[in-house]
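Each chain, written out:
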Amino acid sequence: MIKVKNLYHSYSRDERYAVKDVSFEIEKGEIFGFLGPSGAGKSTTQGILSGLLRLQKGEVTVAGYNVKKISNKMFNQIGMSFEQSNVYNKLTARENLAFYRKLFDVETRDPDELLELVGLADKAKVKAGEFSKGMKHRLTFARSMINNPSIWFLDEPTTGLDPAIAATIKDIIWDQKKREVTTFLTTHNMFIADELCNRVAFIVDGEVRLIDSPRSLKLQYGSRFVDIEYIGGNGLVKESLSTVDDKDRARIKHIIDNNEIQTMHTKEATLEEIFIKVTGRGLI
Amino acid sequence: MKLWYSFLKELQLSSKGFYFYIEILMALIMLVVVLFVIPENFDKRSTEYIYVGLPKPASEAMLGKLLDSDTDGIVESVTIKVKDEELSTDYYESDESKVYLAKSESDLIKLADSKKQPGVAISLDEAGSLHYKYYLQGYESQKLKNLYMVSASKDLASLQEGINGQEVRSMSGDYEVLSDRANTIPALLTFNGSFMGMFIIAAYIFLDKSAGIIKAYAVTASTVWQYLMSKVLVITLTTIITSLIVVIPALGGKPDYPLLLLFLVTTGFFASALGLLVSSFFKSLNQSFNAIFVLIIAMMLPSIAYFIPSWEPFWIRFIPSYPILQGFREIILDNGDASYVLFASLGFFVAGSLLFIWSNHRHKGLLTA
């Protein structure tokens, strides 16, 4: 659904690239996480893919449309949720969605259904200007689904939301995946990416350093050990054992068979730890 | 249809916004000024302060002439307060002048000084001829001083005879003069439509930019030109409404309304497109303020030429507000030049279209700026 080949972008139109030689492909129905610290080039890449920024160098196709010569029809298939809420403050939540649905040439979703989905049904008649930051964010998020997009751009979709609302947003993203919506998610929140993404790309200083699935990355970069706490002859015993060494594997089996296990954890590396290991940079 | 929906949304937003009511308020203020502050015609009669220090027979003869030309034939006694002193004068009012007759030459000097007007003391010289002593303010032109000297060098009867002997013919027989009140309307309409329209559309764009709304619009299947045009339409509609608020009560059925609407639409479109173009060069209203200020000052220059016809350099005709002012004037005149208005409308429509195309091109590339 999205193909990017040798993408470059410079705001100063010289050799100081915000994005350098970026290439990747995203399949239909995939949730693709674009991860990196602030200023890494995430928003620039997303801006080019969504047609907000002009393509300077490279090849980009989105839903079969060449981004070099953007057709307005392309936007019928695109939904975009911005990190900064950008709704009409003087219009009510319903009026905001009702206006935007008229700007598409495809079948659109009912504003009230979307407001219900993001937990704003009781605020339909309230002006967006009276909303809290989180409510505005949800309205912006709801708007991005108004045209039933097949490609969905999400910029920090859960930033600033309380955990309960963030969980709702994650559920909606999962639901969209079931509908085979292709999602391009930019975030610096590795937990969200870990939970939602089929694949992630690490971008630092405008360059993509790595693309893989979170699971594969954990297997590749995580320490393959298990921490076990069990009741031994002299009370609580802690052991750290390898999951690949035959001797340790046999020891794990023995402990499980003969002792009361208190806790047992695989020592998986977090996506954040892997990011730091791969890029040598933190996420802030 | 998308343009229509965008227009309706802009209309809804502007009706809930600040600028729309500023424009309505400005129009109402203009209307009050036009109806209650600006008279139908300004009093163009000269005010003269005179002291007549002539022997009684001569004095009575001169005052008799003044009384003959007085509108009501009655001399009024008027007291004028100068600083802490009250000076009594005799007041004569004719169709051409208002004359205050001072009781003494010292009173005359005080009156001329306090009222910043020339005063004249009339007496007889040693030869028994009329002698005029003018008290001037110091800033009078040499031309005026020469005129005083000429008028004092001959007796009034022979001067009048010379004047009456001159034949004066107008080059144009159907030259129509607007009343002073009607004459201010074109300037007000130009200010209301062009200047305000240009400023307010730029303000609308900057508000949308700062709120990121323009980005949200850019990722819809609508186009940038529809977004920009919806704002132009709202500004043009507001211009028509606010202009009619002033014109209908002030001028009634005098203007050619179809022509007025056409001219308001085309000039409003031109000014809005100019505002759109200006807004494409800056990120915020603050940054654009200097450019808008310079443009407004430049657009105001033709107003000076409009009210002071003797100052009308050739280059001023190339400033767009010049034909706008002249166009509105022709619309108000009973026998106005409709072809001028139509031609100017065409010009503003073409120029506005070019500016709109240019600003559309610039805004398309600057959505995320």
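### Notes on the sheet that holds strand β2 (residues 19-26) of chain A
Strand pairing within a sheet occurs via backbone hydrogen bonds; the two strands may be parallel or antiparallel.
Okay, step 1: Ordered by their spatial adjacency, four strands build an open sheet running β2-β1-β4-β5 (chain A), and the pairing between neighbours is antiparallel. Of all strands in the sheet, those with a lone pairing partner are β2 and β5 (65-66) of chain A, marking the two edges.

### Re the sheet that holds strand β11 (residues 225-232) of chain A
All names here are of chain A.
Okay, step 1: Here we have three strands laid out as an open sheet, ordered β12-β11-β13, and antiparallel in their pairing. The strands lining the two open edges of the sheet, one partner per strand, are β12 (235-242) and β13 (260-266). Each strand axis lies, on average, 15 degrees off the axis of its neighbour in the sheet, ignoring direction.
Okay, step 2: As defined by bridge partners, β11 adjoins β13 across six bridges and the pair is classed as antiparallel. Paired with D227 across the two strands is H265, which belongs to β13.

### Digging into the pattern of salt bridges
Okay, step 1: All told, the structure shown has 23 salt bridges over all chains when counted by the stated rule.
Okay, step 2: K28 of chain A is paired through a salt bridge with E180 of chain A; the nearest N and O atoms lie 4.0 Å apart. One end of the pair, K28 of chain A, is in the loop between β2 and β3 (31-35); the other, E180 of chain A, is in the loop between α5 (163-178) and β8 (182-187), with 152 residues separating them in the sequence.
Okay, step 3: A residue is classified by how much of its surface remains accessible, and K28 of chain A, at 52% relative accessible area, is exposed.
Okay, step 4: Its relative accessible area of 44% is what places E180 of chain A among the partly exposed residues.
Okay, step 5: Salt-bridge contacts for E93 of chain B lead to R45 of chain B; the nearest nitrogen and oxygen are separated by 3.0 Å. Note that E93 of chain B is positioned in strand β3 (residues 85-93) and R45 of chain B in the loop between α2 (18-37) and β1 (46-53), a separation of 48 residues in sequence.

### Things to note about the layout of surface pockets
Residue and element names in this part refer to chain B.
Okay, step 1: One number sums up the size of the largest pocket: a volume of about 1,600 Å³.
Okay, step 2: The element contributing the most residues to the lining of the largest pocket is helix α5 (residues 142-153), with seven residues.
Okay, step 3: Counted by class, the lining of the largest pocket contains 25 nonpolar, nine polar and seven charged residues.

### Topic: the confidence of the model for chain B
Okay, step 1: When pLDDT is averaged along chain B, the result is 87; 98% of the residues meet or exceed 70.
Okay, step 2: Both confidence scores are given for the complex: pTM 0.76, ipTM 0.81.

### Details of empty space enclosed by the protein
Residue and element names in this part refer to chain B.
Okay, step 1: In this structure the tally under the stated criterion is two cavities of 30 Å³ or more.
Okay, step 2: Looking at the lining of the largest cavity residue by residue, the classes come out as seven nonpolar, four polar and one charged.
Okay, step 3: One number sums up the size of the second largest cavity: a volume of about 30 Å³.
Okay, step 4: Lining the second largest cavity are L189, T190, G193, S194, T239, L264, T267, G268, I324 and F328.
Okay, step 5: When residues of the lining of the second largest cavity are traced back to their parent elements, those giving at least two are α7 (180-211), α10 (257-280) and α12 (321-332).

### Points about the packing of aromatic side chains
Okay, step 1: Inspection of every chain in the model, using the stated rule, returns 31 aromatic pairs over all chains.
Okay, step 2: Plain terms: the ring middles of F32 of chain A and F34 of chain A are 6.3 Å apart, the flat faces sit at 35 degrees to each other, and that makes the pair tilted. Each member of the pair, F32 of chain A together with F34 of chain A, is buried.
Okay, step 3: On the numbers, 5.2 Å between centres and 15 degrees between planes, the contact of Y49 of chain B with Y100 of chain B is stacked. Of the two residues, Y49 of chain B sits in strand β1 while Y100 of chain B sits in strand β4 (residues 97-102), which places them 51 residues apart along the sequence.
Okay, step 4: With a relative accessible area of 16%, Y100 of chain B lands in the buried category.

Cut-offs used in this document
- Residues numbered from 1 in each chain as written.
- Chains lettered and ligands numbered in written order.
- Predicted model: local features only at pLDDT ≥ 70, side-chain atom pairs only at ≥ 80, totals over all residues.
- Heavy atoms only, no water.
- Pairing = 2+ DSSP bridges.
- Helix = DSSP H or I, 4+ residues; strand = E, 2+ residues; numbered from the N terminus.
- Axes fitted to C-alpha atoms, helices over the stretch in contact; angles between N-to-C directions.
- Salt bridge = Lys/Arg side-chain N within 4 Å of Asp/Glu carboxyl O.
- Buried < 20%, exposed > 50% of the residue type's maximum accessible area, 1.4 Å probe, protein only.
- 1 Å grid on protein atoms, 1.4 Å probe; cavity = no way out; pocket = protein on both sides within 12 Å on 5 of 7 lines; lining within 4 Å.
- Points joined across faces, edges and corners; volume = space filled by probe spheres on them.
- Nonpolar A, V, L, I, M, F, W, Y, C, P; charged D, E, K, R; others polar.
- pLDDT = per-residue confidence, 0-100.
- Phe/Tyr/Trp six-rings, centres within 6.5 Å; stacked < 30°, edge-to-face > 60°.

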